[in-house]
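Topology and contacts: notes
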Amino acid sequence: MGISSYLGPEEKTHWKVYINLRSKLNPKIRVQKAEQGIESKGKAERREKELLEECQREIFKKEGSMPTFGEIVNKWEKYLRDLGANQENTIDDYVSPLRIWCTSLFPKIANEINKQDVRLVVQEMALADKSNAYQNKILNYIRRVYHWGKEEGLIRGGLENITSGLKINRFEEKAPEVLTAKEIEHLLHQAYCRENKWYPIWKTAFLTGMRSGELYALKWTDIDFVNDVIVVSKSFNKRMRTTKSTKSGYFRTVPMNQSLKELFLSLQPNSKTDFVLPRIREWSMGLQAQELRKFCIEIGIRSVKFHTLRACFATHLLNEGVSLTTVMKVAGWRELSTVQKYTRLSGIHERGATNCLDRLTPPSNTENIINFYNNG
């Protein structure tokens, strides 16, 4: 195996490449390739590398040991579980998205996957309106699996970095979904009139800004009817089926207005458990977002997810003049950056900023507006 030179026609130096590769698993399996008439040593070296990879692929095929990307993912999952370094749900977080978005990669021989194959996965996620951050996360998972496969000797040959050159801008901010005051009123009114089982949950979510897990874990002992406050100190984790501390890690108190107090007092006589809100099967399964979206479509308002009620809580409080610091404390946000998007959405800091320009523009007679759309 190697490169050698020889004199060709017209006494010009040419180069030839010879590859002789034998299987390490079965010495009887051998592949040979040769090529001559190459004009330069540099081209011969590049061609040697290409022929070597071709021989390796043929060896793997003859050995029957060329795993697909799907097989690599399965082996990686088993490795993680055997290692025991990650919780079961964390491993699922890694593997499940790969099984969802990499269906086109799974049947491919791992060392034959190219960057265009991975680019198509990214395009599919973009078409599904997945965020840039999510796309980067999946790319990282693909990279990790592929790199692990090469380290373990499962992938021989192929690209060194399967995702190099695939750049996705990490910064991306969309305006948060927030229902208007009329939409909130319509949502709760319709839910009440139709005796929707989610009504007390949706109303409590909007009036407290509590997260879904915090609402699910709320008990009657957390309600102080004398001082009209709710103590939020725990959250339900549906995946682990356990109750833990809140996301921020500390307890907080949420003021209870009269409307919410009356709701709780009406629920209490019929409550058969220690929990304040109804135990709805779909809620325990984590389907609260789908249920709210479905109802919004049914009553003719914008379809929003359950967490949007928390955004509505923050934005409408800011619109009513409640301070940013107070909203952060009540909702349980540690970082100012988390709640600043709601401040920008409410526009409380920008209100009236353009009023001073009124004197620079001529008054318009709204009863005699020129029709600017009739030209042409």
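Described below are features of the structure shown in this document.

What counts, and where the lines are drawn
Residues numbered from 1 in each chain as written. Predicted model: local features only at pLDDT ≥ 70, side-chain atom pairs only at ≥ 80, totals over all residues. Heavy atoms only, no water. Pairing = 2+ DSSP bridges. Helix = DSSP H or I, 4+ residues; strand = E, 2+ residues; numbered from the N terminus. 1 Å grid on protein atoms, 1.4 Å probe; cavity = no way out; pocket = protein on both sides within 12 Å on 5 of 7 lines; lining within 4 Å. Points joined across faces, edges and corners; volume = space filled by probe spheres on them. Nonpolar A, V, L, I, M, F, W, Y, C, P; charged D, E, K, R; others polar. Salt bridge = Lys/Arg side-chain N within 4 Å of Asp/Glu carboxyl O. Expected span 1.5 Å × (residues − 1). Buried < 20%, exposed > 50% of the residue type's maximum accessible area, 1.4 Å probe, protein only. Arc of directions from axis to C-beta. Contact = heavy atoms within 4.5 Å. Core = buried A, V, L, I, M, F, W, Y, C linked by side-chain atoms within 4.5 Å. Polar contact = N/O pair within 3.5 Å; in protein donor to acceptor, adjacent residues only side chain to side chain. Phe/Tyr/Trp six-rings, centres within 6.5 Å; stacked < 30°, edge-to-face > 60°. Lys NZ or Arg CZ within 6 Å of the ring centre and 35° of its normal.

Let us look at the pairing of strand β1 (residues 2-7). Looking at chain direction, β1 and strand β2 (residues 13-22) are connected through six bridges and run antiparallel. Its bridge partner being in β2, Ile 3 is matched across the sheet by Val 17. Between β1 and β2, which pair antiparallel in sequence order, lie five residues; one of them, Glu 10, sits at a positive phi of approximately 60°.

A separate point is empty space enclosed by the protein. Inspection of the entire model under this criterion finds one cavity of 30 Å³ or more. What the largest cavity holds in volume is close to 50 Å³. Phe 60, Met 66, Pro 67, Asn 111 and Leu 154 are the residues nearest the centre of the largest cavity, which is lined by ten residues in total. The residue makeup of the lining of the largest cavity, split by class, is seven nonpolar, two polar and one charged.

Here we take up the pattern of salt bridges. Where charged atoms from two side chains of opposite charge approach closely, those side chains can pair. For the coordinates displayed, the defined rule picks out 19 salt bridges. Several salt bridges converge on common partners, so that one network encompasses Glu 35, Arg 47, Glu 50 and Glu 54.

A word on helix α11 (residues 288-299). The first and last C-alpha atoms of α11 sit 17 Å apart over twelve residues, in line with the 16 Å expected at 1.5 Å per residue. All buried positions along α11 are accounted for by Gln 288, Glu 291, Leu 292, Phe 295, Cys 296 and Ile 299. Considered in projection along α11, the buried side chains sweep an arc of 135° and stay on one side of the axis. Facing away from the buried side of α11 by over 90 degrees, the exposed positions are Lys 294 and Ile 297. Buried residues along α11 sit against α6 (181-193), α7 (199-208), α8 (212-216), α10 (281-284) and α12 (308-319). Backbone geometry just downstream of α11 places Gly 300 in the positive-phi region, at approximately 80°.

Among the nonpolar cores identified, the biggest contains 53 residues, and Leu 187, Trp 202, Ile 223, Ile 230, Phe 264, Trp 283 and Leu 309 are the most heavily contacted of them. If sequence neighbours within four positions are ignored, Leu 187 has contacts with Leu 179, Trp 202, Leu 292, Phe 295, Cys 296, Ile 299, Ile 301 and Leu 309. Membership of the second largest hydrophobic core comes to 30 residues, among which are Phe 69, Ile 91, Tyr 141 and Val 145.

Of note, Thr 208 is situated in helix α7. Judged by relative accessible area, which is 0%, Thr 208 ranks as buried. At a separation of 2.6 Å, a polar atom in the side chain of Thr 208 contacts the main-chain carbonyl oxygen of Thr 204. One polar contact links the side chain of Thr 208 to the main-chain amide nitrogen of Met 210, over a distance of 3.2 Å.

Once that is clear, we can look at the packing of aromatic side chains. Going through the model one piece at a time under the given rule, you end up with twelve aromatic pairs. Their ring planes at 40° and their centres at 5.3 Å tell us that Tyr 79 and Trp 148 sit as a pair that is tilted. Placement of the pair is Tyr 79 in helix α2 (residues 69-83) and Trp 148 in helix α5 (residues 132-151), with a sequence separation of 69 residues. The partly exposed category is assigned to Tyr 79, whose relative accessible area is 35%. By relative accessible area, Trp 148 is classed as buried at 10%. Here the aromatic residues Trp 198, Trp 202, Tyr 216, Phe 236, Trp 283 and Phe 295 are joined through ring pairs into a cluster of three or more. Lying over the aromatic face of Tyr 216, Arg 279 brings its terminal NZ or CZ to 4.0 Å of the ring centre. Its end group placed over the ring of Phe 275, Arg 279 keeps NZ or CZ at 4.2 Å from the ring centre.

What follows concerns the side chain of His 316. Summarising the element assignment, His 316 is placed in helix α12. Assessed through its relative accessible area of 18%, His 316 is described here as buried. Ignoring anything within four residues of it in the chain, the contact list for His 316 reads Val 178, Leu 179, Thr 180, Ala 181, Ile 184 and Phe 206.

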